[in-house]
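Residues per chain, in single letters:
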Amino acid sequence: AFPLMTNGKVDRQALPAPGRSRRELEKTFVAPRDDLELQLAHIWEEVLDVRPIGVRDNFFELGGHSLLAVRLLAFIEKRLCKKLPLTTVFQGATVEHLADVLRQQAAPGPQSSLVPLRPGGSKRPLFLVHPAGGHVFPYVQLAQLLGPDQPCYGLQARGVEDAQDPHTRIEDMAPHYIQALQTVQPTGPYLLGGWSMGGVVAFEMAQQLHAEGQPVALLALVDGRIPTPDTTFPEQDSEAIALAERYFGISFGPMESVTELPEDEQLAVMLDQAKIAGLVPAELDVSQVRRFVMLLRSDLLATQNYELRLY
């Protein structure tokens, strides 16, 4: 049977990759070995609609993507009363890895901005900077498609996974991300890139690396825009919906009366509309949306105020 979305259409994201059958996956199948792995495997089966799940099966190879990863961790928090950062799925996208993390039960400290999307391989690593909103989810599929020999890392915004205040200037983001990537690659030549606002940050990182005498072999700007002042930019909290519409490139419909509501009620309305549109998982709550909107506003303002210099 084809996996279906709630609207009855085929869920293409949930289809297995061409040429890779369940029989191939079963050659390395390892069944859950304790109660925790069994609970996690059941959650994976529900989220991915794939059965059975082995403890070493890869979440993304089984059809997982960014929205399903958010849903996965929401289920874990609800059913196991354990909160995991989103980056946990990247660091090891298996039941076995998540079970090991949960067993440690260590209090999470400040999260590194460096997220290993596909750390293995012998080639020079590629570092991709987050777009506005701070997450590196848009690069998950790209990292898989680049192949097993190409190491690929995402650079996530400060404050996405913890209570740290986000950076408000591109010039401050760049050295923070340079310091993070140099824990993996201390010296150049560097391969840098970014989609949308991430391209602007990568541009400034390249500027600062050149100033330090470090060569940059690749600077890839994907679908970016030249930073320019924008008098229509919604800066007030009461305009969170306009900000989200701007980000997703859609309209949530006429909402003049909504702008008069308190911020949390506005966010609740926006969240409901985003769920209806299939932009976010049903398990997302207002507190998560509030942080996303804060990061989104901060990132877009930082880009708008950035002053270009000749590269």
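That block above? That's the structure.
Numbering of residues starts from 1 in every chain and runs along the sequence as written. Note on the predicted model: pLDDT of at least 70 is required for a residue's local features to be given, and 80 or more for side-chain atom pairs to be given and counted; whole-chain, interface and lining totals, by contrast, use all residues. Side-chain measures here rest on the full set of heavy atoms in the structure, leaving out hydrogens and waters.

Chemist: Describe the overall build of the protein, and please don't skip the residues or the numbers.
Modeler: Per the secondary structure count, the protein includes eleven helices and five strands. Partly exposed residues are those whose accessible area sits between 20% and 50% of the maximum for their type, while under 20% is buried and over 50% is exposed, using a 1.4 Å probe and protein chains only. The burial tally for the protein puts 45% of its 311 residues in the buried class. The method behind every accessible area is Shrake-Rupley, applied with a 1.4 Å probe, and residues are considered shielded solely by the protein chains displayed. Looking at the protein as shown, the accessible area adds up to about 16100 Å², and 53% of this sits on carbon and sulfur atoms. Helix numbering and strand numbering both begin at the N terminus, where a helix is a DSSP run of H or I of at least 4 residues and a strand a DSSP run of E of at least 2.

Chemist: Provide a residue-level description of the pairing of strand S5 (residues 216-222), including the pertinent values.
Modeler: Two strands pair if DSSP finds at least two bridges between them. The pairing of strand S4 (residues 190-195) with S5 spans six bridges and is parallel. Among the inter-strand pairings, Trp-195 is bridged to a residue of S5, identified as Val-222. Handedness is read with the strands pointing away from the viewer; a crossover is right-handed when the path from the first strand over the helix to the second is clockwise. With helix H8 (residues 197-211) bridging S4 and its parallel neighbour S5, the resulting β-α-β unit is right-handed.

Chemist: Tell me about a nonpolar patch on the surface, and please be specific about residues and values.
Modeler: Any residue with relative accessible area above 30% and no salt bridge may belong to a patch, with like charges joined within 9 Å and the nonpolar Val, Leu, Ile, Met, Phe, Trp and Tyr side chains within 5 Å. Note on definitions: salt bridges are taken to be side-chain nitrogens of Lys or Arg within 4 Å of carboxyl oxygens of Asp or Glu. A grouping of Phe-2, Leu-4 and Val-10 is seen on the molecular surface, where their side chains present a nonpolar patch of about 320 Å² in accessible area. Tracing the sequence through the fold places Val-10 in the segment before helix H1 (22-26).

Chemist: Can you tell me about the nonpolar core, naming the residues and giving the values?
Modeler: Only buried residues count toward a nonpolar core, which is a set of Ala, Val, Leu, Ile, Met, Phe, Trp, Tyr and Cys residues joined through side-chain atoms within 4.5 Å. Of all hydrophobic cores here, the largest spans 83 residues; its most connected members are Leu-40, Phe-59, Leu-72, Ile-76, Leu-155, Leu-192 and Met-205. Residues count as neighbours in contact if any of their non-hydrogen atoms are within 4.5 Å of one another. Contacts of Ile-76, omitting those with residues within four sequence positions, involve Leu-40, Ile-43, Cys-81, Lys-82, Leu-84, Leu-98 and Leu-102.

Chemist: Now, about the packing of helix H2 (residues 35-48) against helix H5 (residues 95-104): what can you tell me, with residues and values included?
Modeler: Every angle, taken between N-to-C directions, lies between 0 and 180 degrees, and every axis is a line fitted to C-alpha atoms, over only the stretch in contact when it is a helix. At their nearest, the axes of H2 and H5 sit 9 Å apart, and the two run at 130° to each other. By the angle between their axes, H2 is oblique relative to H5. Seen from above, H2 lies across H5 with right-handed handedness. Counted together, Leu-36, Glu-37, Leu-40, Ala-41 and Trp-44 of H2 and Val-95, Glu-96, Leu-98, Ala-99, Leu-102 and Arg-103 of H5 form the full contact between these two elements. Considering only residue class, the contact of H2 with H5 consists of eight nonpolar, no polar and three charged. Small angles under 35 degrees read as roughly parallel and large ones over 145 as roughly antiparallel, with 65 to 115 read as roughly perpendicular and the rest as oblique. Should the near helix be turned anticlockwise from the far one by less than a right angle, the crossing is termed left-handed; should it be turned clockwise, right-handed. In this count, Pro and Cys sit with the nonpolar residues alongside Ala, Val, Leu, Ile, Met, Phe, Trp and Tyr, while Asp, Glu, Lys and Arg are called charged and the others, Gly among them, polar.

Chemist: Describe the pattern of salt bridges, naming the residues involved and giving the relevant values.
Modeler: What the rule picks out here adds up to twelve salt bridges. For Arg-79, the salt bridge is made with Glu-46, and the minimal N-O distance between the two is 2.8 Å. Here the residue Arg-79 occupies a position in helix H3 (residues 66-80), and Glu-46 occupies one in helix H2, the gap between them amounting to 33 residues. When its relative accessible area of 35% is taken as the criterion, Glu-46 is described as partly exposed. For Arg-51, the salt bridge is made with Asp-49, and the minimal N-O distance between the two is 3.2 Å. The exposed category is assigned to Arg-51, whose relative accessible area is 52%. Since its relative accessible area comes to 51%, Asp-49 is described here as exposed.

Chemist: Quick rundown of the side chain of Gln-185? Include the residues and the values.
Modeler: Relative to the assigned elements, Gln-185 resides in the loop between helix H7 (170-181) and S4. Beyond its immediate stretch of four places on either side in the chain, Gln-185 contacts Arg-124, Pro-125, Phe-127 and Tyr-190.

Chemist: Break down empty space enclosed by the protein for me, with residues and values.
Modeler: Throughout, the protein atoms alone are placed on a 1 Å grid, and a set of points is a cavity if a 1.4 Å probe fits but cannot get out or a pocket if it is open with protein on both sides within 12 Å along at least five of seven lines; lining residues have an atom within 4 Å of a point. Grid points are joined across faces, edges and corners, and a volume is the space filled by probe spheres set on the points. Here the structure, examined in full by the defined rule, presents one cavity of 30 Å³ or more. Lining the largest cavity are eleven residues; nearest its centre among them are Gln-111, Ser-112, Ala-157, Arg-158 and Gly-159. Class assignment of the residues belonging to the lining of the largest cavity gives a composition of two nonpolar, six polar and three charged.

Chemist: Lay out the layout of surface pockets in plain terms, naming residues and giving numbers.
Modeler: In this model, the second largest pocket occupies a volume close to 700 Å³. As for the second largest pocket, its lining consists of 24 residues, of which Met-5, Thr-6, Asp-11, Leu-68 and Arg-71 are closest to the centre. Residue assignment for the lining of the second largest pocket shows that the elements contributing at least two residues are H2, H3 and helix H10 (263-276). Here the residues of the lining of the second largest pocket are counted per class, giving 13 nonpolar, five polar and six charged.

What is shown is where atoms sit, not what they do.
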